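# Inside the fold
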Amino acid sequence: MNGLNNPYFAQELSVHTEDRYDRALKRCVDRLHEQMATIGLRNPKIGTDGNKWIYCDGPDWVMGFQSGQYWLAYQLTGDAAFRNAAQARRPEYRKILENHRFRDHDLGFQFSLHSVADWLMTGDKEARDMGLSAAFALISRFRPEGGYIQAWSPFGANDPERAKFTNGRMIADTIQNLALLHWAHKETGIADYRDIAQIHAQTSADHLVRGDDTTFHTYLFDPATGEPMRGETHQGYADNSCWARGQAWLMHGFTQCYAYTGDKHMLDMARRVCSKAEALLGTDSVPVWDFSLASHETPHLDSSAAAVMAAGLYLLSDQDIPNEESDHWRAFGNRLLDGLLETCDLTTTEGAQGLLAHGAAHVPAGRCDAMLPYGDYYFIEALMRSQGHTQFFW
């Protein structure tokens, strides 16, 4: 771990006082409460230049992150207003379960942070049933010929180009959805949930992680035979580049897989992609949206990638690893949180509806430098993990 020689990591961890992170966490909870009436039953999708939310138009992969923030705030405060705001969104989640057109690989992002959270926090049996239905829908996307969960779906028979793009494709993001399957296995004892999660994680390790420990965003298999074909990007700079949030998903995701299974290979993969992110970050504390940008490209920051990375690093530091290594990953997480607080924090900005600025949703499509609900969720998760919280919904 080359960062051990960096003066940053030589500092006593106590220099990063818990008080700073605790104050930031309380500001996040206050912002959520302050904006609750404005947001209503809507789910934020992306921010505007004025730090206001644009909302999801129906079911969307990002919709779970508002519920997730409310459940975390409820866990921290016991304030029933947060519980009620999360539970009031249940009809939107029923729409996903009732219509296959709304279902893809992001069922974990949606239902772990809404229905599973509800079950764990309140014991609501309908919420448990919804979570299990979502888990079954997710394993139904498994492609045994290639050993992966297919990411996206064709829109229908009249869009052959979309079908050509989606069929046979896995993506880095999916590893974060596997927690829904591990939870379902724990609840039911049905081996398919655990086995498919483990197979997909291994395929991610085999094909999404390159030999130098940078990562592909997506990987394409022959839809008929499952033969591995090539790595590509969708939201990154280029097929051979390293999209920062994709690296972050795998940092957090491989660590989750180890925490659930005890599989030492998953721990090794987590260490590898975290070490590579550290090297790619250099002296920065908030990553640019892609680590392989050409010099003429605008280096937009991605606060969401930093938040996901920080949460994953704290999770890794809490695993059964040597103390020196644990301190190292925690210090790296602190570094990222400090960068977010110094560069991207909106919790002291009057009128801002979200928590973090400078998120890069999809730069090739022009969506950058904005608040993002997933950045906000992982910011709260990282702050909580920095304070020693270990009970989450995945």
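Residues numbered from 1 in each chain as written. Predicted model: local features only at pLDDT ≥ 70, side-chain atom pairs only at ≥ 80, totals over all residues. Heavy atoms only, no water.

On to the pattern of salt bridges. Summed over all chains, the structure comprises 21 salt bridges. One salt bridge in this structure joins K45 and D60, with 2.5 Å as the shortest N-O distance. Remark: D60 occurs in the loop between β2 (53-55) and α3 (64-77) and K45 occurs in strand β1 (residues 44-47); sequence separation between them is 15 residues. The closest approach of N and O atoms between D195 and R194, which form a salt bridge, is 3.0 Å. Of the residues examined, D195 reaches a relative accessible area of 29% and is grouped as partly exposed. Under the relative-accessibility criterion, R194 is labelled partly exposed at 31%. Each of R90, R94, D118, D124 and E126 takes part in one network of salt bridges that share partners. (Salt bridge = Lys/Arg side-chain N within 4 Å of Asp/Glu carboxyl O. Helix = DSSP H or I, 4+ residues; strand = E, 2+ residues; numbered from the N terminus. Buried < 20%, exposed > 50% of the residue type's maximum accessible area, 1.4 Å probe, protein only.)

Judged from the four bridges that link them, strand β6 (residues 218-221) and strand β7 (residues 228-232) form a sheet pairing that is antiparallel. Directly across from T218, in β7, lies its bridge partner E232. Where β6 folds back on β7, the antiparallel hairpin that results is connected by six residues, among which G226 adopts a positive phi of roughly 80 degrees. (Pairing = 2+ DSSP bridges.)

To continue, consider the packing of helix α9 (residues 178-188) against helix α11 (residues 244-261). Between α9 and α11, the shortest axis-to-axis distance is 10 Å and the interhelical angle comes to 10 degrees. Considering the angle they form, α9 stands roughly parallel to α11. Judged by residue contacts, L178, A179 and H182 of α9 engage Q256, C257, Y260 and T261 from α11. Classifying every residue of the contact of α9 with α11 gives four nonpolar, three polar and no charged. (Axes fitted to C-alpha atoms, helices over the stretch in contact; angles between N-to-C directions. Parallel < 35°, antiparallel > 145°, perpendicular 65-115°, else oblique. Contact = heavy atoms within 4.5 Å. Nonpolar A, V, L, I, M, F, W, Y, C, P; charged D, E, K, R; others polar.)

The subject of this paragraph is helix α14 (residues 323-343). Counted at 1.5 Å a residue, the expected span for α14 with its 21 residues is 30 Å, and the 30 Å between its end C-alpha atoms agrees. The buried fraction of α14 amounts to 16 of the 21 residues, a majority that puts the element mostly inside the structure. (Expected span 1.5 Å × (residues − 1).)

Turning to the environment of V273, a few remarks are in order. Along the chain, V273 falls in helix α12 (residues 264-281). Taking the relative accessible area as the measure of exposure, V273 reaches 0% and is therefore buried. Each C-alpha atom of the pair V273 and D263 lies 16 Å from the other, and the pair is ten residues apart in sequence. Setting aside residues no more than four positions away along its own chain, V273 makes contact with V209, D213, T215, Q247, L250, M251 and F254.

Within the fold, R245 resides in helix α11. Residue class for R245 comes out buried when judged on its relative accessible area of 1%. Residues in contact with R245, not counting those within four places in the same chain, are Q235, W289, D302, S304, A305, A360, A361 and Y374.

Here the focus is the packing of helix α6 (residues 107-122) against helix α7 (residues 125-139). At their nearest, the axes of α6 and α7 sit 7 Å apart, and the two run at 155 degrees to each other. Classified by the angle their axes make, α6 and α7 are roughly antiparallel. In this structure, α6 crosses over α7, and the sense of that crossing is left-handed. The residues of α7 that touch α6, namely those facing L107, F111, S115, V116, D118 and W119, are K125, A127, R128, M130, G131, A134, A137 and L138. Across the contact of α6 with α7, the residue classes tally to nine nonpolar, two polar and three charged. (Left-handed = near helix turned anticlockwise from the far one by under 90°.)

For a regular strand, the rule is simple: side chains alternate between the two faces of the sheet. For β1 and β2, the ladder comprises three bridges, and the chain directions are antiparallel. Residue I46 lies in a different strand from β2, and its bridge partner there is I54. What sits between the antiparallel neighbours β1 and β2 is a turn of five residues, in which N51 has the positive phi angle 60 degrees.

A word on the sheet that holds β7. One open sheet holds the three strands; their spatial order is β5-β6-β7, and the pairing between them is antiparallel. Whereas interior strands pair on both sides, the edge strands pair on one side only; in this sheet they are β5 (169-171) and β7. On average, each strand axis in the sheet is inclined to that of its neighbour by 20 degrees, with strand direction left out of account. With three bridges joining them, β5 and β6 adopt antiparallel strand pairing. Within the sheet, the bridge partner assigned to M170 lies in β6 and is Y219.

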